[in-house]
Amino acid sequence: MQVRSDPGAQAVDAGADATSDPAHSELSGSAPDAAQRQLSAVLESITDSFFAVDSEWRFTYVNRKAEELFGCGREELLGQVLWEKFPQTLDSRFGREYREAMERQEKRQFEAYSPVLGRWFEVHAYPASGALSVYIHDITERRRAEAALRETEHRYRSLIDNSMDAILLTAPDGSIAMANRASTTLLGYTESELRALGTKGLLDASDQQLELALAERRRTGRFRGELSMKRKGGARIPVELSSATFRDEQGAEWASLFIRDISERKAREAERERLLGELDSKQRWLQAVIEHVPVGVILVVPGEGVYVNHRTEELFGMKIERGAGSGQYAPRLRYPDGSPIPAEQMVSARVLRTGETILGTEFLIERPDGERRPMLGSAAPIRSSEGKIVGAVG
């Protein structure tokens, strides 16, 4: 096919079906030059991208917006085969719809996403005898707005109806536009009282973390952390607060506040610290007792290593690192006849494996200087409050 040089006449070949897209009939060779120029001017002025191809899929017309869309000028496109110039189009939704329009000679209208351009388009494809005209309209912003609206509506509906956390919707001035049932339960106010009070009446101004939280939300648009809030009557409660700012479809700015009462968690943490303090005190007392008994003591805790007192180090004649493994001293343990004791037959290993208490086992310690000292050892399991073996002492 010969490509005509007049842009207004390059949309389709002569002989297009006059009942199809009007661009075909008026851009065909049968129309007067004036009409062709007029239609070409219209196609160049529209905001949609427009292109036309012939029966061999060669570009016959490309308007200015299509040049921008394709990223190249019409001089690079006219006469080129669509699938060769843009091979990624062949197996895409766009390519399938174009071919179906030509094969069935039926208008096709569809919306599709282009991963190459990263944008959504609404496409109208008009077939004619041996030609196809395509109008492409960028609907990316509309799609984004629709998705954002659906997401926002779903979020609020779901949160309000199902959330067990307190939720507040606030304006930039701190006024409260919405409060769910959980927030009224947590804070002790009715929703109308919360609306009248605003966030300034709920946040604890004496909390040193408050200004840091507000500054982070101003900087990043979101915040998550622990703060103190005031209930009706003035009582302070520790909360975990997550907040994010956003704009609705009208452009108005809002902030969401998700509030979770962590009073019980804080109480558990305080109790844990108290118990750890008591345990630390008891451990120090136990360590003092173990260090002063006149016999060697070895404490074996799987995953944590071994702990020994000074008398044990004196008996072995060597330094034993606390928290390291039993491999430091195990090779120096021997049966009374002098043969090495296998690791799995050591009394501590047997106790950990079987839970039995072993009394009065004879063995030898071979010290670094070669001296062998006869010993009498015992071992017993250490159990947790649930009865699980957590260690051995011998």
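Quick caveat: nothing in here was measured; it's all calculated off a predicted structure.

Scanning the chain from N- to C-terminus turns up 13 helices and 16 strands. Restricting to contacts in the chain with at least 6 residues of sequence separation, those with at least 24 account for 37%. Surface summary for the chain: the accessible area is close to 22,500 Å², and the carbon and sulfur share equals 52%.

Under the 1.5 Å per step criterion, the end-to-end length of helix α10 (residues 209-220) is 16 Å for twelve residues, consistent within 8% with the ideal 16 Å. One or two steps after α10, the chain reaches Gly 221, where phi turns positive at roughly 85°.

Strand order in the open sheet formed by five strands is β7-β6-β10-β9-β8, with antiparallel pairing between adjacent strands. In this open sheet, the two strands that pair with only one neighbour each are β7 (176-179) and β8 (222-230). Looking at each pair of strands side by side, their axes are set apart by 25° on average, direction ignored. Alignment of strand β6 (residues 166-170) against strand β10 (residues 253-261), held across five bridges, turns out to be antiparallel. Residue pairing across strands places Ala 166 opposite Ile 259, the latter belonging to β10. On top of the sheet, α10 reaches β8, β9 (236-247) and β10; it is set at about 150° to β8, its chief contact.

Mapping Arg 334 onto the fold places it in strand β13 (residues 333-334). For the pair Arg 334 and Glu 362, spaced 28 residues apart in sequence, the C-alpha separation works out to 9.3 Å. Among residues more than four places away in sequence, those in contact with Arg 334 are Ser 339, Pro 340, Ile 341, Phe 363, Leu 364, Glu 366 and Arg 372. Among the polar contacts made by the side chain of Arg 334, one reaches the main-chain carbonyl oxygen of Gly 338 at a distance of 3.1 Å.

Here we take up the confidence of the model for the chain. Model confidence for the chain is summarised by a mean pLDDT of 83, while 88% of its residues fall at 70 or above. Confidence over residues 1-31 falls short of pLDDT 50; this stretch has 76 contacts with residues more than four positions distant or in other chains.

Okay, the nonpolar core next. Residues Phe 51, Trp 57, Phe 59, Phe 70, Tyr 98 and Leu 132 are the most contacted members of the largest nonpolar core, which totals 27 residues. Sorting the residues of this core by element identifies β1 (49-54), β2 (59-62), α3 (64-70), α5 (82-85), α6 (93-104), β3 (108-114), β4 (119-128) and β5 (131-138) as the ones contributing at least two each. Residues in contact with Phe 59, not counting those within four places in the same chain, are Phe 51, Ala 52, Val 53, Phe 70, Leu 77, Leu 78, Gly 79, Gln 80, Leu 82 and Phe 86.

All right, on to the side chain of Asn 63 then. Position of Asn 63 among the secondary structure elements: in the loop between β2 and α3. Accessibility expressed as a relative area gives 0% for Asn 63, which makes it buried. Beyond its immediate sequence surroundings of up to four residues, Asn 63 is in contact with Leu 43, Glu 44, Ile 46, Asp 48, Ser 49, Phe 50 and Arg 74.

Moving on, we come to the sheet that holds β5. Taken together, the five strands give an open sheet; going across it, the order is β2-β1-β5-β4-β3, and neighbouring strands pair in antiparallel fashion. The open sheet has two edge strands, β2 and β3, and neither has a second partner. The mean angle between the axes of side-by-side strands here comes to 20°, regardless of whether they run parallel or antiparallel. Where β3 and β4 come together, seven bridges link them in antiparallel fashion. Opposite Glu 111, over in β4, you have Glu 122 as the bridge partner. Seen against the sheet, helix α2 (residues 33-45) touches β1, β2 and β5 and runs at an angle of roughly 70° to β2.

Another point: the pairing of β4. Across the ten residues of β4, seven count as buried, placing the element largely inside the fold. The turn linking β3 back onto β4 is made up of four residues, and Gly 118 within it adopts a positive phi angle of 65°. In the sheet, β4 pairs with β5 via eight bridges, with the strands oriented antiparallel. By the bridge assignment for β5, Tyr 126 is matched with Ser 133. Between β4 and β5, which pair antiparallel and follow one another directly, the connecting turn spans two residues, one of which, Gly 130, has a positive phi of 75°.

Here we come to a nonpolar patch on the surface. Together, Ile 382, Val 390 and Val 393 make up an exposed nonpolar region whose accessible area comes to about 180 Å². Structurally, the position occupied by Val 390 is in strand β16 (residues 389-393). With a relative accessible area of 36%, Val 390 lands in the partly exposed category.

Before going further, it helps to spend a moment on the pattern of salt bridges. For the structure on display, the rule yields 35 salt bridges. Two residues, Glu 141 and Arg 119, come together in a salt bridge whose shortest N-O distance is 3.9 Å. In this pair, Glu 141 is assigned in helix α7 (residues 140-162) and Arg 119 in strand β4, connecting sequence segments 22 residues apart. Between Glu 356 and Arg 350 there is a salt bridge; the shortest N-O distance is 4.0 Å.

In this model, the second largest pocket occupies a volume close to 560 Å³. Ile 298, Val 347, Phe 363, Gly 377 and Gly 394 are, among the 28 residues lining the second largest pocket, the residues nearest its centre. If you list the elements that add at least two residues to the lining of the second largest pocket, you get β11 (298-301), α12 (310-316), α13 (347-354), β14 (358-366), β15 (372-383) and β16. The element that contributes the greatest number of residues to the lining of the second largest pocket is β15, accounting for five residues.

About the thresholds
Residues numbered from 1 in each chain as written. Predicted model: local features only at pLDDT ≥ 70, side-chain atom pairs only at ≥ 80, totals over all residues. Heavy atoms only, no water. Helix = DSSP H or I, 4+ residues; strand = E, 2+ residues; numbered from the N terminus. Contact = heavy atoms within 4.5 Å. Areas by Shrake-Rupley, 256 points an atom, 1.4 Å probe, with all protein chains shown as cover. Expected span 1.5 Å × (residues − 1). Pairing = 2+ DSSP bridges. Axes fitted to C-alpha atoms, helices over the stretch in contact; angles between N-to-C directions. Polar contact = N/O pair within 3.5 Å; in protein donor to acceptor, adjacent residues only side chain to side chain. pLDDT = per-residue confidence, 0-100. Core = buried A, V, L, I, M, F, W, Y, C linked by side-chain atoms within 4.5 Å. Buried < 20%, exposed > 50% of the residue type's maximum accessible area, 1.4 Å probe, protein only. Patch = residues over 30% accessible without salt bridge, like charges linked within 9 Å, V, L, I, M, F, W, Y side chains within 5 Å. Salt bridge = Lys/Arg side-chain N within 4 Å of Asp/Glu carboxyl O. 1 Å grid on protein atoms, 1.4 Å probe; cavity = no way out; pocket = protein on both sides within 12 Å on 5 of 7 lines; lining within 4 Å. Points joined across faces, edges and corners; volume = space filled by probe spheres on them.

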